[in-house]
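Understanding the architecture of this molecule
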Amino acid sequence: MPRDRQARLATFAVFFVQGLTFSTLLTQVAALQRKHGLDDGQLTLLLLVVPVIAGVGSVVAGQVAARWGSRFMLLYVQPLACAAVAFSGWAASVPVLVAALVLFGLGLGGVDAGMNMQGTAVERRYARPVMTGFHALWSLAAVIGAAWASNAAGLGLDLGPAFTVVMIPAAVISLAANRWLFGPAEEHVETAVDTGPVTIPWRPILPLCLAMAFLYVGDASVSNFGSVYFDQALAAEAWLAPWALGAYQATTFIVRVGGDAAVSRFGPATIVRAGGLVAALGFLLIVVAPNEAAAIAGFALTGVGLSVVAPQSFSAAGRLDPAGTGVAIARVNMFNYVGFIVGAALVGGIGDAAGFQAAFLAPLILAGGIVVLARGFASPVRLPRADGRATGRNR
């Protein structure tokens, strides 16, 4: 099997495990809230633990990857994330749950950074857009996680067994795929091409960072409070609650399957601008939804719009870092957690004060901000090949 294809398949596996891990935990937020008797304010504070610690994990990941490569880091942090999810299901008290979420946050931040470093390295070797495909598989895995959560809730399965039965095979897949990921000599172009000192200015990266933050305010509102929205705003049955995230990730997956071809045809700026508009419409439908069917449609429409922003942010960051140092990706990834922190605090605070239907007005407004920032994705930087030559021009 050609080396580039081998690494691409391994990167698909890492994205798949991350999506499954993330969804398995966050589709059960409402169940964790009921199990531990948390009010909405306590839940919001608890959910803030994950992105804050994930930000720390991302910073550490950038340092480790710069020295030893992202493959070395992923070997340890992805199984850690899987173990943390299982641990959270068995947690018998809030302090134990907090400890599990701290471990999950560290793993989440490390894997998010590492898998996108691998993805941009693969994209560089292929010299064409492939990043959206990785994120598509992440979304498919998240749908699988939501489906399992729904079935487990319907069967009355306790959270510990429900989490563990998914996380054991996920950890095995991660460990098996790790040996085929790119090593440092393949991932870091400067080991083969002398590019001199690398200086990456903030100015061209800032629109990508802000768009990422706005995206993840919306994503956090769905991931953290989608099931709570169904439980409190709509008084839906327990088996329906996981399908806030499930519908969101299902349409995210469908759009991302064809995303790379759409980016090649229309350019990332156009795709991101259209995505912001569609996401705003989806959040509007969530705010005014009279019943569960309308709400699921709103979450699905939101997934259509937001699906394109993260992969294009990482892809554009990779083009601004032709030496493959991971600096630009680490900066963009940090705003992932800024968005999660703001999203958890903002949406949770509004939901506690005015109800969770009104809370989704915040991500609606910020989705409009993505439309304004889309021009920052139209970078004139050429996509570099592994041999250092440029090919094509991003529109």
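Residues numbered from 1 in each chain as written. Predicted model: local features only at pLDDT ≥ 70, side-chain atom pairs only at ≥ 80, totals over all residues. Heavy atoms only, no water.

Moving on: helix α12 (residues 268-288). Under the 1.5 Å per step criterion, the end-to-end length of α12 is 31 Å for 21 residues, consistent within 8% with the ideal 30 Å. Buried within α12 we find P268, A269, I271, V272, G275, G276, A279, A280, G282, F283, I286 and V287. (Helix = DSSP H or I, 4+ residues; strand = E, 2+ residues; numbered from the N terminus. Expected span 1.5 Å × (residues − 1). Buried < 20%, exposed > 50% of the residue type's maximum accessible area, 1.4 Å probe, protein only.)

The next subject is unusual backbone geometry. We note that A127 has phi near 60°; this positive angle belongs to a residue other than glycine. Residue position: A127 is located in the loop between α5 (94-126) and α6 (131-155).

In this section: the confidence of the model for the protein. Overall, the predicted model of the protein reaches an average pLDDT of 85, with 92% of residues at or above 70. Summarising per-element confidence for the protein, the mean pLDDT is lowest in strand β1 (residues 383-384) (40) and highest in helix α7 (residues 159-178) (96). Within the model, pLDDT remains below 50 along residues 190-195, and this stretch shows nine contacts once partners closer than five positions in the same chain are excluded. Within the model, the stretch residues 380-395 combines pLDDT values under 50 with 42 contacts to residues more than four positions away or in other chains. (pLDDT = per-residue confidence, 0-100. Contact = heavy atoms within 4.5 Å.)

One pass over the full model with this rule turns up seven cavities of 30 Å³ or more. Considering only enclosed or pocket space, the largest cavity measures out at about 250 Å³ in volume. Along its surface, the largest cavity is lined by 23 residues, and H135, W138, Y216, D219 and R256 are the ones closest to its centre. At the level of elements, α1 (3-26), α5, α6, α9 (206-232), α10 (243-257), α13 (292-306), α14 (309-319) and α15 (327-354) are the ones that each hand at least two residues to the lining of the largest cavity. The residue makeup of the lining of the largest cavity, split by class, is 12 nonpolar, eight polar and three charged. (1 Å grid on protein atoms, 1.4 Å probe; cavity = no way out; pocket = protein on both sides within 12 Å on 5 of 7 lines; lining within 4 Å. Points joined across faces, edges and corners; volume = space filled by probe spheres on them. Nonpolar A, V, L, I, M, F, W, Y, C, P; charged D, E, K, R; others polar.)

Membership of the largest hydrophobic core comes to 118 residues, with the highest contact counts inside it found for Y229, F230 and F299. If sequence neighbours within four positions are ignored, F299 has contacts with V222, G226, Y229, F230, A244, A247, Y248, T251, I286 and F360. (Core = buried A, V, L, I, M, F, W, Y, C linked by side-chain atoms within 4.5 Å.)

What follows is about a nonpolar patch on the surface. A contiguous nonpolar patch, built from V56, V60, F87, L103 and L106 and spanning about 370 Å² of accessible area, is present on the exposed surface. For the nonpolar patch, the secondary-structure elements that each account for two or more residues are α3 (40-68) and α5. With respect to the helices, strands and loops of the structure, V56 is situated in helix α3. (Patch = residues over 30% accessible without salt bridge, like charges linked within 9 Å, V, L, I, M, F, W, Y side chains within 5 Å. Areas by Shrake-Rupley, 256 points an atom, 1.4 Å probe, with all protein chains shown as cover. Salt bridge = Lys/Arg side-chain N within 4 Å of Asp/Glu carboxyl O.)

Under the defined criterion, the tally for this structure stands at two salt bridges. In this structure, the salt-bridge partner of E186 is R3, at a minimum N-O distance of 2.9 Å. Of the two residues, E186 is situated in helix α8 (residues 184-187) and R3 in helix α1; the sequence distance between them amounts to 183 residues. When its relative accessible area of 24% is taken as the criterion, R3 is described as partly exposed.

Attention now moves to the side chain of T251. Note that T251 resides in helix α10. Note on T251: relative accessible area 15%, which makes it buried. A distance of 3.2 Å separates the side chain of T251 from the backbone oxygen of Y248, its partner in a polar contact. The residues contacting T251, other than those within four sequence positions of it, are F299, A300, G303 and V304. (Polar contact = N/O pair within 3.5 Å; in protein donor to acceptor, adjacent residues only side chain to side chain.)

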